[in-house]
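Coordinates in review
Take a look at the letters that make up each chain.
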There are 2 protein chains.
Amino acid sequence: MVRFFVAPEDLEREKVSLVGENAQHAKVLRLKPGETVLLCDGEGREAVCEVESTDGWLLHSMKRRESQSEAAIKVSVYMALPKADKLEHVIQKATELGAYEIVTFPSARCVSRPDEKSLKKKLERWEKIAASAAEQSGRGRIPKVLVLGSFSEALTRAAQADKALMFYEHEEALTLKMALSSGSYTTVSLLTGPEGGLEEAEVTQAREAGLQVCTLGKRILRCETAPLCALSAVMYDAGEF
Amino acid sequence: MVRFFVAPEDLEREKVSLVGENAQHAKVLRLKPGETVLLCDGEGREAVCEVESTDGWLLHSMKRRESQSEAAIKVSVYMALPKADKLEHVIQKATELGAYEIVTFPSARCVSRPDEKSLKKKLERWEKIAASAAEQSGRGRIPKVLVLGSFSEALTRAAQADKALMFYEHEEALTLKMALSSGSYTTVSLLTGPEGGLEEAEVTQAREAGLQVCTLGKRILRCETAPLCALSAVMYDAGEF
């Protein structure tokens, strides 16, 4: 079913007109009266609607419901700010894979250190990538993209999940499977380092903050591969596929 | 430990000189006599060597062994030929994630239809990407990249694995977890479609060839995301991390 992201208040109306990009999109798709479409508020609620008129793209709402395509667990991807367009890649893919949110933050070996102004611009771009990937993958929720100011802030926030996990290439004993199998979970944080990896002091700091430090196996993954590998495995473990 | 890929026969010698790119690399790394390095044959065997002399980069072999970083299971990634550089992306990432081989082939909705000459050039490039990713991720084996001539050839080959799986977005009943949990496995084939997806007739053909058709969850994954998600999950299931 074709889906349009609209403001949450539009979802409560009996009749809604599509405007702007949504109207453009409806025109391109040549929607006809009587066709069924989905309005999503981007926060996990949706309304099944019927096209009433193509003049002004008027829809009437038939049924409101929770999104059918969101994961039952909430997985937050915490990725230390990488260089170039790697975070864009991770935002797009993590959205497809069902991440609840994507959080970036500085760490000791981050090379990229954008100032506030350029960060604001980047954030706008990241949010657009998340929205577009959410639409393409049929999600009912657009994952939030958050930028935190410090590594310790990231740890404190990540530690609040049922499973708060950091991945470190020098960890060999604790596998992700071991970490996930001890007790049930509905919220998960997955924290990974930048290109140069995490420093040992950061790993110690993470443990002290309450994160479990795990391995992703015997091969060294690139910084943009690690979070997506971990996210795929967690979704699998949780029974999503 | 620093690793160099060499010809399999070099691994059998008592003394080996690094040449070409390997010698360049050794120079950049400023290796010193007495340092320990790893020679890999790219097929899963390796030799721990000591630098004897930096003049001609002479090494002497101390111990031959099986590679320590290869997965215990052999996962073959079968991906219908996508557009542009998507296969390059999948080859790089699948190599990091431990794939045994990457196989591409035409399917009904493939847009990319390179002729034999351009395919030969592409294959050379793909092999280089696999070799470079194997080196970076610390693998002892360079995954083979294979180009098959037809969809049915891909099915016949894929079907020989203990678990021969195709992923299809309209499948809802059989999850990857269900497919993997019925009986043990050491070889796995993961087959995915191109941008436009697989045709229903192809799915039927795959079932007839002996593949199980599975879902990767409620969200629609891009053609380059699906194989890597499935590969991550299989490696996780098999106890790799």
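Everything below is about the structure printed above this text.
These figures come from a predicted structure and were not determined experimentally.

1. Brief notes about the overall build of chain A
Along its length, chain A carries seven helices and 11 strands. Summarising its shape, the C-alpha atoms of chain A cover approximately 60 × 40 × 30 Å along the three principal directions. A fraction of 71% describes how many contacts in chain A between residues 6 or more apart in sequence connect residues 24 or more apart. About 10900 Å² of surface is accessible on chain A, with carbon and sulfur atoms providing 48% of the total. The averaged location of the 36 negative side-chain charges in chain A is 3 Å from the averaged location of its 32 positive side-chain charges.

2. Points about the relation of the copies chain A and chain B
At an RMSD of 0.0 Å, chain A and chain B line up after a rotation of 180 degrees and a shift of 0.0 Å along the axis. What we have between these two chains is a two-fold relation. Of the C-alpha atoms belonging to chain A, the one lying closest to the rotation axis is found on alanine 233 of chain A, 2.4 Å away. The fraction of interface residues of chain A whose copies in chain B are also interface residues reaches 100%, indicating that both copies meet through the same surface.

3. Description of the interface of chain A and chain B
At the interface, 38 residues of chain A touch 38 residues of chain B. Carbon and sulfur atoms supply 52% of the area that chain A and chain B bury against each other, a total of about 3300 Å² over both sides. It is Arg219, Tyr236 and Phe241 of chain A that lose the most area in chain A upon contact with chain B, and together they represent 26% of the buried surface on that side. Where chain A meets chain B, there are six salt bridges.

4. What to know about the packing of aromatic side chains
Using the criterion set out here, one finds five aromatic pairs over all chains in the structure. For the pair phenylalanine 105 of chain B and phenylalanine 151 of chain B, a centre-to-centre distance of 6.0 Å together with 50 degrees between the ring planes defines the contact as tilted. Taken together, the residues phenylalanine 105 of chain B in strand β7 (residues 101–105) and phenylalanine 151 of chain B in helix α4 (residues 151–158) connect sequence positions 46 residues apart. Per residue, the accessibility class of phenylalanine 105 of chain B equals that of phenylalanine 151 of chain B, and both read buried. By the ring-pair criterion, three or more aromatic residues cluster together here, those being Tyr236 and Phe241 of chain A together with Tyr236 and Phe241 of chain B. The ring of tyrosine 100 of chain A carries the charged tip of arginine 141 of chain A above its face, separated from the ring centre by 3.8 Å.

5. Side note on the nonpolar core
If you look at the biggest cluster of nonpolar residues, it comprises 118 residues, and the most contacted ones within it are Met166 and Leu176 of chain A together with Met166 and Leu176 of chain B. Setting aside chain neighbours within four positions, we find leucine 176 of chain A in contact with Leu165, Phe167, Cys214, Thr215, Leu216, Ala230, Ala233 and Val234 of chain A together with Tyr236 and Phe241 of chain B.

6. Focus on helix α4 (residues 151–158) of chain A
Residue and element names in this part refer to chain A. Turning to α4, its buried residues number three or more, namely Phe151, Ala154, Leu155 and Ala158. Along the axis of α4, the buried residues cluster in a sector spanning 100 degrees; they form a single face. Against β6 (74–80), β7 (101–105), β9 (163–167), β10 (187–192) and α6 (200–209) lie the buried residues of α4.

7. Brief notes about the packing of helix α2 (residues 86–96) of chain A against helix α7 (residues 226–237) of chain A
Residues and elements named next belong to chain A. At their nearest, the axes of α2 and α7 sit 10 Å apart, and the two run at 10 degrees to each other. Comparing the axis directions of α2 and α7 gives the class roughly parallel. Where α2 approaches α7, its residues His89, Val90, Lys93 and Ala94 are matched on the opposing element by Pro227, Leu228 and Leu231. Looking at side-chain class alone, the contact of α2 with α7 contains five nonpolar, one polar and one charged residues.

8. With respect to empty space enclosed by the protein
Rolled over the atoms, a probe with the dimensions of a water molecule shows which regions are left empty. Applying the stated criterion across every chain, the model contains three cavities of 30 Å³ or more. There is about 130 Å³ of room inside the largest cavity. Taken together, 16 residues make up the lining of the largest cavity; nearest its centre are Leu228 of chain A together with His89, Lys93, Leu228 and Cys229 of chain B. Secondary-structure elements contributing two or more residues to the lining of the largest cavity are α2 and α7 of chain A together with α2 (86–96) and α7 (226–237) of chain B. Looking at the lining of the largest cavity residue by residue, the classes come out as six nonpolar, six polar and four charged.

Reading guide: rules and limits
- Residues numbered from 1 in each chain as written.
- Chains lettered and ligands numbered in written order.
- Predicted model: local features only at pLDDT ≥ 70, side-chain atom pairs only at ≥ 80, totals over all residues.
- Heavy atoms only, no water.
- Helix = DSSP H or I, 4+ residues; strand = E, 2+ residues; numbered from the N terminus.
- Contact = heavy atoms within 4.5 Å.
- Areas by Shrake-Rupley, 256 points an atom, 1.4 Å probe, with all protein chains shown as cover.
- Lys, Arg positive; Asp, Glu negative; His and termini not counted.
- Charge placed at Lys NZ, Arg CZ, Asp CG, Glu CD.
- Least-squares fit on C-alpha atoms with pLDDT ≥ 70 in both.
- Buried area = accessible area lost by both parts, 1.4 Å probe.
- Salt bridge = Lys/Arg side-chain N within 4 Å of Asp/Glu carboxyl O.
- Phe/Tyr/Trp six-rings, centres within 6.5 Å; stacked < 30°, edge-to-face > 60°.
- Buried < 20%, exposed > 50% of the residue type's maximum accessible area, 1.4 Å probe, protein only.
- Lys NZ or Arg CZ within 6 Å of the ring centre and 35° of its normal.
- Core = buried A, V, L, I, M, F, W, Y, C linked by side-chain atoms within 4.5 Å.
- Arc of directions from axis to C-beta.
- Axes fitted to C-alpha atoms, helices over the stretch in contact; angles between N-to-C directions.
- Parallel < 35°, antiparallel > 145°, perpendicular 65-115°, else oblique.
- Nonpolar A, V, L, I, M, F, W, Y, C, P; charged D, E, K, R; others polar.
- 1 Å grid on protein atoms, 1.4 Å probe; cavity = no way out; pocket = protein on both sides within 12 Å on 5 of 7 lines; lining within 4 Å.
- Points joined across faces, edges and corners; volume = space filled by probe spheres on them.

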